[in-house]
Amino acid sequence: MPKIRVDDRRPFEVNLRQFKRACEKAGIIKELRERKHYIKPTEQRKIAKRVAISRTKKAAKMALRPRFS
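In this report, the structure presented in the accompanying data block is examined. (Residues numbered from 1 in each chain as written. Predicted model: local features only at pLDDT ≥ 70, side-chain atom pairs only at ≥ 80, totals over all residues. Heavy atoms only, no water.)

1. Observations concerning the overall build of the protein
Working step 1: Each helix and strand in the protein was counted, giving three helices and zero strands.
Working step 2: Reading the helices (α) and strands (β) of the protein from amino to carboxyl end gives α-α-α.
Working step 3: Whereas a compact globule of 69 residues would reach a radius of gyration of roughly 11 Å, the protein reaches 20 Å, over 25% beyond that.
Working step 4: Structurally, the protein occupies a C-alpha span of about 55 × 45 × 15 Å along its principal axes.
Working step 5: Every one of the 69 residues in the protein was classed for burial, and the buried ones make up 6%.
Working step 6: Split by element, the accessible area of the protein, about 7300 Å² in all, is 58% carbon and sulfur.
Working step 7: Averaging the locations of the 23 positively and 7 negatively charged side chains of the protein gives two centres separated by 12 Å. (Helix = DSSP H or I, 4+ residues; strand = E, 2+ residues; numbered from the N terminus. Rg over C-alpha atoms; globule rule 2.2 N^0.38 Å. Buried < 20%, exposed > 50% of the residue type's maximum accessible area, 1.4 Å probe, protein only. Areas by Shrake-Rupley, 256 points an atom, 1.4 Å probe, with all protein chains shown as cover. Lys, Arg positive; Asp, Glu negative; His and termini not counted. Charge placed at Lys NZ, Arg CZ, Asp CG, Glu CD.)

Here it is, written out as structure tokens:
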């Protein structure tokens, strides 16, 4: 759980933004989005496979790109 030190001298919006940033770094928002709907294990494997394929294609595309030094 992220913790922040609330400073009364700072505006509320600044403290809130700091808390949101801490939650984002901790991965809480991402986990909430993932848990929002149940995904069957087979669907999870399909998604993971699609992501891996696109990652591989992107890496291959970057490897073929000429580099200028």
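2. What to know about the environment of L64
Working step 1: On the secondary structure map, L64 appears in helix α3 (residues 41-64).
Working step 2: Between the C-alpha atom of L64 and that of R9, which follows or precedes it by 55 residues, the distance is 54 Å.

3. Description of a nonpolar patch on the surface
Working step 1: Among the surface-exposed residues, M1, F12, L16 and F19 lie close enough to one another that they form a single nonpolar patch of about 460 Å² accessible area.
Working step 2: When you line up the elements, M1 lands in the segment before α1 (12-26). (Patch = residues over 30% accessible without salt bridge, like charges linked within 9 Å, V, L, I, M, F, W, Y side chains within 5 Å. Salt bridge = Lys/Arg side-chain N within 4 Å of Asp/Glu carboxyl O.)

4. Describing the side chain of N15
Working step 1: One can find N15 in helix α1.
Working step 2: For N15, a relative accessible area of 8% translates into the label buried.
Working step 3: Every residue in contact with N15, bar those within four places of it in the chain, is listed here: I4, R5, V6, D7 and R10. (Contact = heavy atoms within 4.5 Å.)

5. Some details on the pattern of salt bridges
Working step 1: Per the stated rule, a full pass over the model turns up three salt bridges.
Working step 2: Notably, a salt bridge pairs D7 with R9, separated by 3.4 Å at the nearest N-O pair.
Working step 3: Classification of D7 as partly exposed rests on a relative accessible area of 22%.
Working step 4: Given the relative accessible area of 74%, R9 is considered exposed.
Working step 5: Notably, a salt bridge pairs E31 with R35, separated by 2.9 Å at the nearest N-O pair. You can see E31 and its partner R35 sitting in helix α2 (residues 28-35), four residues apart, about one turn around the helix.
Working step 6: A residue is classified by how much of its surface remains accessible, and E31, at 37% relative accessible area, is partly exposed.
Working step 7: On the basis of relative accessible area, R35 is assigned to the exposed category, the value being 65%.

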